[in-house]
Amino acid sequence: MTRLRFALSGILAAVAGIAAGHLVAGFLAPASSPVLAIGSTVIDLTPTPVKEWAIATFGTNDKLILQGSVLVVTLVLAAVAGLLARRRMPVAVGFIVLLTGLAGAAALLRPAARPLDALPAVAAMAAGVATLVWLVRLARIASGDVVRETTGPRGSVMTNATGPDSSTAGSKAGRRGFVFGALGVTALAALAAAGGQLRAGAQSVKKVVLPAAADQAKALPKGLETTVSGISPLRTPTDTFYRVDTNLVVPQVDVDTWTLEVDGMVEKPFTMTFAELVAMPLIERDITMTCVSNEVGGGYIGSARWLGVKLTDVLDRAGITGSPDQVLSTAVDGFTISTPLAVVRDGRDAMIAIGMNGAQLSDTHGFPARLITPGLYGFVGATKWLTKLTLTTYAADQSYWTKRQWATDAPIKTSARIDTPAPLSTIKAGTTAIAGVAWAQHRGVGTVEVRIDDGQWQKTKLGPDVGIDYWRQWYLPWDAKPGLHRIAVRATDLEGQAQITERATPFPSGSSGIQEVVVTVA
């Protein structure tokens, strides 16, 4: 029980420090909260194979798992500090200072860090050390430890717990005092953490009125979802659109102070406000986006209607000089993406998007502005929370993913997915539908074929054609017979190129292979 009290003292000291840091970060920058700052650094330092494994294994819960892991490791180390504090308080305090100092360093090393971002770690350090000293004193009393003072070097006073004192051992009052102290720290920490969370959540995005597009998209046709149960809707609702990024905290951008800077190898560098951006001619386009982390048959793909300004209109205003070969885009948190300039200027509707599915961008999807580049995986053409465009060369500048050896030119690979029947599901015998979606952005889907067991490939019926930058729904009526069946699907683009059958992992330029599912017909 004695060891437990001291370990608990260290754990509660860490909890108090984390809560205090989170509270301060809520008023300054949520991302500078100690656990989040450490977590973001861990993301940056994690090898690519481990990142891909985490995304494939945990999906959209990968960030939650990471934060939980950082928290668990912190609490374990804090428990060690609590045990050390029983007889080596200076060492234990140094341990707490080291942990919070690492959090402060992590916050200051973020790309868009400010000196003030160190304050949450300072608050965590002060709260953690004070809590540790106080709870350890209570734990000593509860455990009956005799605390003796000795004179150290240069007259300093040192305290050492030398063992149980029969006059205080088993003292109910001492144990009661420790319990009340621990409960008090827990309550205050909960209040501080809740306060920090409420403060961070209060910084919601401002509602803006978006003008109508000068070049509007055609009305979206009726999708197969009205007649084929289980198929993905033709347009993906905003609230279910996939989200994959490196952010543990979604940036909350003040649209009134937001600016877009255009510089680098240009004739006339300039900076524009949001009002100036939306005053430019707007286009409206239906575009399917895919994440490079999408495995064969995966869900990191979505289709939406985007409103924005042509990227070439913005670049032409600056004027290109020299021989740049990439557009280096920067987010408000310093994150960077490289987009091949040749792709931007080949006629496709690359845009700075400000609207999604008839509304302004949500904070999770990049408010107030983001890049959309049809036909490219998001890691090379879809910077969210955009704030800067730099015309440069790959030889001169490397983006976040380029430094990690991902491809620089990453066209989305042709692929098809089976939505229904679901893998490993059991369905009733009789007439049913095999259905799903296929995509070949900026080339267009030509045909989709399905193979059942060892049979021949059969052409499916395609859904409405929204354009070469949009996915196609497909389905095949099936007279399902009882038994175990294997269903495979493949797509061919409008240029006659079938999707790659060889299996490949997402790294470095996107997954490939044929999806095959197994179902039971009863």
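Residues numbered from 1 in each chain as written. Predicted model: local features only at pLDDT ≥ 70, side-chain atom pairs only at ≥ 80, totals over all residues. Heavy atoms only, no water.

## So, the overall build of the protein
Helices and strands together make up the secondary structure of the protein, namely 10 helices and 21 strands. Overall, the C-alpha framework of the protein stretches about 90 × 70 × 40 Å when taken along its three principal axes. Across the 522 residues that make up the protein, the buried fraction comes to 51%. Contacts in the protein between residues far apart in sequence, at least 24 positions, make up 74% of those at least 6 positions apart. Total accessible area on the protein is roughly 23,500 Å²; 60% of this is exposed by carbon and sulfur atoms. Separation of charge centres in the protein, based on 47 positive and 40 negative side chains, amounts to 11 Å. (Helix = DSSP H or I, 4+ residues; strand = E, 2+ residues; numbered from the N terminus. Buried < 20%, exposed > 50% of the residue type's maximum accessible area, 1.4 Å probe, protein only. Contact = heavy atoms within 4.5 Å. Areas by Shrake-Rupley, 256 points an atom, 1.4 Å probe, with all protein chains shown as cover. Lys, Arg positive; Asp, Glu negative; His and termini not counted. Charge placed at Lys NZ, Arg CZ, Asp CG, Glu CD.)

## Focus on the sheet that holds strand β15 (residues 430–439)
Each strand in a sheet pairs with another by means of backbone hydrogen bonds, the pair being arranged parallel or else antiparallel. Judged by pairing direction, the sheet is antiparallel, and its four strands sit side by side in the order β13-β15-β19-β18 without closing on themselves. What marks the edges here is a single partner per strand, and that holds for β13 (415–420) and β18 (461–462). For β15 and strand β19 (residues 472–480), the ladder comprises nine bridges, and the chain directions are antiparallel. Paired with Gly 430 across the two strands is Ala 480, which belongs to β19. (Pairing = 2+ DSSP bridges.)

## Quick notes on empty space enclosed by the protein
One pass over the full model with this rule turns up four cavities of 30 Å³ or more. When its volume is computed, the largest cavity comes out at roughly 120 Å³. Taken together, 17 residues line the largest cavity, and the ones lying closest to its centre are Tyr 377, Lys 413, Ser 415, Trp 439 and Ser 511. Considered class by class, the residues forming the lining of the largest cavity number seven nonpolar, eight polar and two charged. Considered as a void within the structure, the second largest cavity measures approximately 50 Å³ in volume. Around the second largest cavity, the lining comprises 13 residues; the ones closest to its centre are Met 289, Ile 372, Thr 373, Leu 376 and Ala 382. With four residues, strand β5 (residues 283–290) is the single largest residue contributor to the lining of the second largest cavity. (1 Å grid on protein atoms, 1.4 Å probe; cavity = no way out; pocket = protein on both sides within 12 Å on 5 of 7 lines; lining within 4 Å. Points joined across faces, edges and corners; volume = space filled by probe spheres on them. Nonpolar A, V, L, I, M, F, W, Y, C, P; charged D, E, K, R; others polar.)

## Brief notes about unusual backbone geometry
Leave glycine aside and you will find that most residues have negative phi; peptide bonds, for their part, are mostly trans. The omega angle of the peptide bond from Phe 367 to Pro 368 is 5°, so this bond is cis rather than trans. By the secondary structure assignment, Pro 368 is in the loop between β10 (359–360) and β11 (370–372). The peptide bond linking Thr 420 to Pro 421 adopts the cis configuration, its omega dihedral lying at 0°. With respect to the helices and strands, the residue Pro 421 is situated in the loop between β13 and β14 (426–427). Even without a glycine there, the phi angle at Asn 357 is positive, about 55°. Even without glycine at this site, Gln 405 takes up a positive phi of about 70°. Gln 405 sits in the exposed class, given a relative accessible area of 57%.

## So, the side chain of Asp 419
Assignment of secondary structure puts Asp 419 in strand β13. Setting aside residues no more than four positions away along its own chain, Asp 419 makes contact with Gly 230, Ile 231, Ser 232, Ala 435, Gly 436 and Val 437.

## Details of the sheet that holds strand β7 (residues 326–331)
Spatially, β4-β3-β12-β7-β8 is the arrangement adopted by the five strands of the open sheet, whose pairing is mixed. Each end of this open sheet is capped by a strand with a single partner; those strands are β4 (270–273) and β8 (336–340). Strand after strand, the sheet turns through a mean of 20° between neighbouring axes, direction not considered. Along the sheet, helix α9 (residues 311–318) makes contact with β3 (259–264), β4, β7 and β12 (386–392), crossing β4 at roughly 135°. (Axes fitted to C-alpha atoms, helices over the stretch in contact; angles between N-to-C directions.)

## Observations concerning the packing of aromatic side chains
Pairs of aromatic rings are described using the distance from one ring centre to the other and the angle between the two planes. Under the definition given, this model contains 11 aromatic pairs. Summarising the aromatic geometry, the rings of Phe 241 and Tyr 242 are spaced 5.3 Å apart at their centres and angled 20° between planes, so their arrangement reads as stacked. Here Phe 241 and Tyr 242 have matching classes, each one buried. Directly above the ring of Phe 270 sits Arg 317, whose terminal nitrogen or CZ lies 4.2 Å from the centroid. (Phe/Tyr/Trp six-rings, centres within 6.5 Å; stacked < 30°, edge-to-face > 60°. Lys NZ or Arg CZ within 6 Å of the ring centre and 35° of its normal.)

## A few points about the packing of helix α1 (residues 2–28) against helix α4 (residues 62–85)
At a minimum axis separation of 7 Å, α1 and α4 run at an interaxial angle of 130°. Our classification of the angle between α1 and α4 gives oblique. Along this stretch, α1 crosses α4, giving a crossing that reads as right-handed. Within the contact between the two elements, α1 uses Arg 3, Phe 6, Ala 7, Gly 10, Ile 11, Ala 14, Val 15 and Ile 18 and α4 uses Leu 71, Thr 74, Leu 75, Ala 78, Ala 79, Gly 82 and Leu 83. (Parallel < 35°, antiparallel > 145°, perpendicular 65-115°, else oblique. Left-handed = near helix turned anticlockwise from the far one by under 90°.)

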